[in-house]
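# Understanding the architecture of this molecule
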Amino acid sequence: MRTLKAGALQMVTFIIVVIALFLSSILILMHVHKQFRIQTNHTIETVKLLDEGIHYQMPKTVTTDENRTMSLIAEDDKHLKLTKGFWGVFEQMHVEAQIKNKKLVKMAFVGEQPRPSRVALFLKDNNKPLVVVGNTRIEGSAYLPKRGIKTGHISGHSYYGTKTVYGATEVSRQFPKLDSKLEAHIKLLTEYKLVNQENIQNIDLHSGKTHINSFENPLMLASSRNEIMLSNITLSGHIIVQSNRKIIVDETTQLKDVVLIAPNIEIRKDVKGIFQAFATKQLNVSENVKLNYPSALVLYGDYIKEEAHHLELASNSEIKGILLCLGRTRSDNFDVQLKIEDNTIIEGQVYCEQNLDLRGTVYGTVYANNFLVKENGTTYQNHLYHAEINSNELTEQFVGLSFNTLPKQVMKWLY
């Protein structure tokens, strides 16, 4: 009888322990679920706050104080910080949202997305008509000088099209101007003045090196007074390479989202990547170069007679992004500053304030001060020779330069 009582007591104790463990597990599970729900709600609220910051920041223009941080919300348990500046020619947006200990960050390049009825050509009115020759084709709307457009002849070639423009035409009145803040920023870059950059980390560019830097981190900088040869090296992210003389990029180098600055830049044949290059004297792109979106090639500086000053793209290259030729020109400027050879394709925007010789194809928009063709010792003013400009072939998702005339859109999310 005593044995049965002891066994029953053990059984009761065992059941009590099991029930206690079960109830404890339920309580722990309920607590975990509650904490998970709180964390999930914080995450959802933080994401919503982040989206509100992006929505607020998107239409804003960059202020004169580049990379200025603004606290939109600063409460005890809620913070929203907004920063906007430039990375090369692209506007850069940085939004940081925090609720309690939950912090999220979003960064992006932003720009203007062209309207569905896209402009193929905007030619400044310099009191000269546009002359089309050979297999030239302009498809899309075109803004032309008051003296209009006509056909012509070069080296025995006449115009072979059935229309001068395959789209609507209007008179060009005021030449579109870039955002003045962007022009000021480009000027500072080409003068090697890095604005509001703290804790810059200097890096070396020895062969075989790899540098990957998030845009959340301080700038990495490789700088030299001498020529820089980029060979067998990988650079990605928040990195600037600058030389006081020349930068050479060969096909063994992998560049992603970095910025190159030098008086002279040479991009050798078969180079592939995504980057921006800023030159003040010469920027030469060799054959079979493929730069993906969003890339940018920029020539900056006023025209000075008998001084080297050009951006040239050799045949069979493909650039997805933006080409810029910026600076004052002169009435006696009979040199080509921006030359795009045949079988070269630009998908995006070409903006030239000086003389443009276009022999290749532009899928997008060309903004030109003046076209210039040199053939067999003769200079032809405002001529297009075997050129194609087609705004209809540009993808609808393209986001490009900011003229402060259209709403901003995300160009690329950053890392």
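This text gives an overview of the structure that appears in the document. For clarity, every value in this text was computed on a predicted model and none was experimentally measured.

### What to know about the sheet that holds strand 9 (residues 149–151)
Strand pairing in a sheet is mediated by backbone hydrogen bonds. Such pairs are either parallel or antiparallel. Spatially, 3 strands are ordered 9-6-27 in an open sheet, and the strand pairing comes out parallel. Here the strands that pair on one side only, and so sit at the sheet edges, are strand 9 and strand 27 (383–385). In this sheet, neighbouring strand axes are inclined to one another by 25° on average, regardless of whether the strands run parallel or antiparallel.

### Structural notes on the packing of aromatic side chains
As enumerated under the stated definition, the model contains 11 aromatic pairs in all. Where Trp 87 meets Phe 215, the ring centres are 5.5 Å apart and the plane angle is 90°; that geometry is what we call edge-to-face. With Trp 87 in strand 2 (residues 78–87) and Phe 215 in the loop between strand 12 (210–213) and strand 13 (220–224), this residue pair connects regions lying 128 residues apart in the sequence. The exposure classification of Trp 87 matches that of Phe 215, with both residues buried. Cluster of aromatic residues (ring-pair linked, three or more members): Phe 122, Tyr 143, Phe 175, Tyr 351, Tyr 367 and Phe 403. Directly above the aromatic system of Trp 413 lies the positively charged group of Lys 106, at a separation of 5.0 Å from the ring centroid.

### Details of the side chain of Asp 250
Positionally, Asp 250 belongs in the loop between strand 17 (246–249) and strand 18 (254–267). One buried charged residue, Asp 250, forms no salt bridge at all, with the nearest opposite charge on Arg 268 at 5.6 Å. Other than its neighbours up to four places away in sequence, Asp 250 contacts Met 229, Leu 230, Ser 231, Asn 232, Arg 268 and Val 271.

### Brief notes about the environment of Ile 340
Mapped onto the secondary structure, Ile 340 falls in strand 23 (residues 338–340). Expressed as a C-alpha distance, the spacing of Ile 340 and His 31, which sit 309 residues apart in the sequence, is 66 Å. Non-local contacts of Ile 340, meaning those with residues more than four positions away in its chain, are made with Leu 313, Leu 323, Ile 346, Val 350, Leu 356, Asp 357, Leu 358, Arg 359 and Gly 360.

### A closer look at the pairing of strand 21 (residues 310–313)
Within a regular strand, side chains alternate between the sheet's two faces. Here strand 19 (residues 272–285) pairs with strand 21 via 4 bridges, running parallel. Counterpart to Val 285 in the pairing with strand 21 is Leu 313. In this sheet, strand 23 lies alongside strand 21 in parallel orientation, the contact comprising 3 bridges. Paired with Leu 313 across the two strands is Ile 340, which belongs to strand 23.

### Some remarks on the pairing of strand 16 (residues 239–243)
Burial runs high along strand 16: 5 of the 5 residues are buried. What you see with strand 16 is no split at all: Ile 239, Val 241 and Ser 243 on one side and Ile 240 and Gln 242 on the other are buried throughout. Where strand 13 meets strand 16, 5 bridges bridge the pair, whose relative direction is parallel. The partner of Ser 223 across the bridge, within strand 16, is Gln 242.

### What about the nonpolar core?
Leu 121, Leu 260, Leu 297, Leu 338, Leu 356 and Val 366 are the most contacted members of the largest nonpolar core, which totals 57 residues. Looking at this core element by element, the count peaks at 6 residues for strand 18. In this structure, Leu 121 is in contact with Leu 130, Ile 138, Ser 141, Ala 142, Tyr 143, Leu 144, Val 366, Phe 371 and Ile 389, ignoring residues within four places of it in sequence. Formed by 32 residues, the second largest nonpolar core is a distinct cluster that contains Phe 86, Leu 189, Tyr 300 and Tyr 367.

### Remarks on unusual backbone geometry
In this structure, the amide linkage connecting Tyr 293 to the following residue, Pro 294, adopts the cis form with an omega of -5°. Position of Pro 294 among the secondary structure elements: in strand 20 (residues 290–300). Even without a glycine there, the phi angle at Asn 288 is positive, about 60°. Unlike most non-glycine residues, His 386 shows phi in positive territory, near 55°. In this structure, His 386 sits in the loop between strand 27 and strand 28 (388–390).

### What about the state of the cysteines?
Inspection of the entire model under this criterion finds 0 disulfides. Sulfur of Cys 325: no disulfide; nearest cysteine sulfur belongs to Cys 352 and is 3.9 Å away. Under the relative-accessibility criterion, Cys 352 is labelled buried at 0%.

### Digging into the environment of Met 93
Topologically, Met 93 is positioned in strand 3 (residues 90–99). Since its relative accessible area comes to 0%, Met 93 is described here as buried. A C-alpha to C-alpha distance of 24 Å links Met 93 and Leu 326, two positions 233 residues apart in sequence.

### Focus: the pattern of salt bridges
Opposite charge on two side chains allows them to pair when their charged atoms are near. Applying the stated criterion across every chain yields a total of 17 salt bridges. The salt bridge partner of Arg 137 is Glu 139, with a shortest N-O separation of 3.0 Å. Overall, Glu 139 belongs to the buried group, its relative accessible area being 19%. Of the charged contacts, one joins Arg 328 and Asp 302 as a salt bridge, the two residues approaching to 2.8 Å between their closest N and O atoms. With Arg 328 in the loop between strand 22 (318–326) and strand 23 and Asp 302 in the loop between strand 20 and strand 21, the pair connects residues that are 26 residues apart, well separated along the chain. Look at Asp 302 and you get partly exposed, because its relative accessible area is 34%. When salt bridges that share partners are traced, they join Lys 84, Glu 91 and Lys 408 into one network.

Calculation criteria
- Residues numbered from 1 in each chain as written.
- Predicted model: local features only at pLDDT ≥ 70, side-chain atom pairs only at ≥ 80, totals over all residues.
- Heavy atoms only, no water.
- Pairing = 2+ DSSP bridges.
- Helix = DSSP H or I, 4+ residues; strand = E, 2+ residues; numbered from the N terminus.
- Axes fitted to C-alpha atoms, helices over the stretch in contact; angles between N-to-C directions.
- Phe/Tyr/Trp six-rings, centres within 6.5 Å; stacked < 30°, edge-to-face > 60°.
- Buried < 20%, exposed > 50% of the residue type's maximum accessible area, 1.4 Å probe, protein only.
- Lys NZ or Arg CZ within 6 Å of the ring centre and 35° of its normal.
- Lys, Arg positive; Asp, Glu negative; His and termini not counted.
- Salt bridge = Lys/Arg side-chain N within 4 Å of Asp/Glu carboxyl O.
- Contact = heavy atoms within 4.5 Å.
- Core = buried A, V, L, I, M, F, W, Y, C linked by side-chain atoms within 4.5 Å.
- Disulfide = S-S within 2.5 Å.

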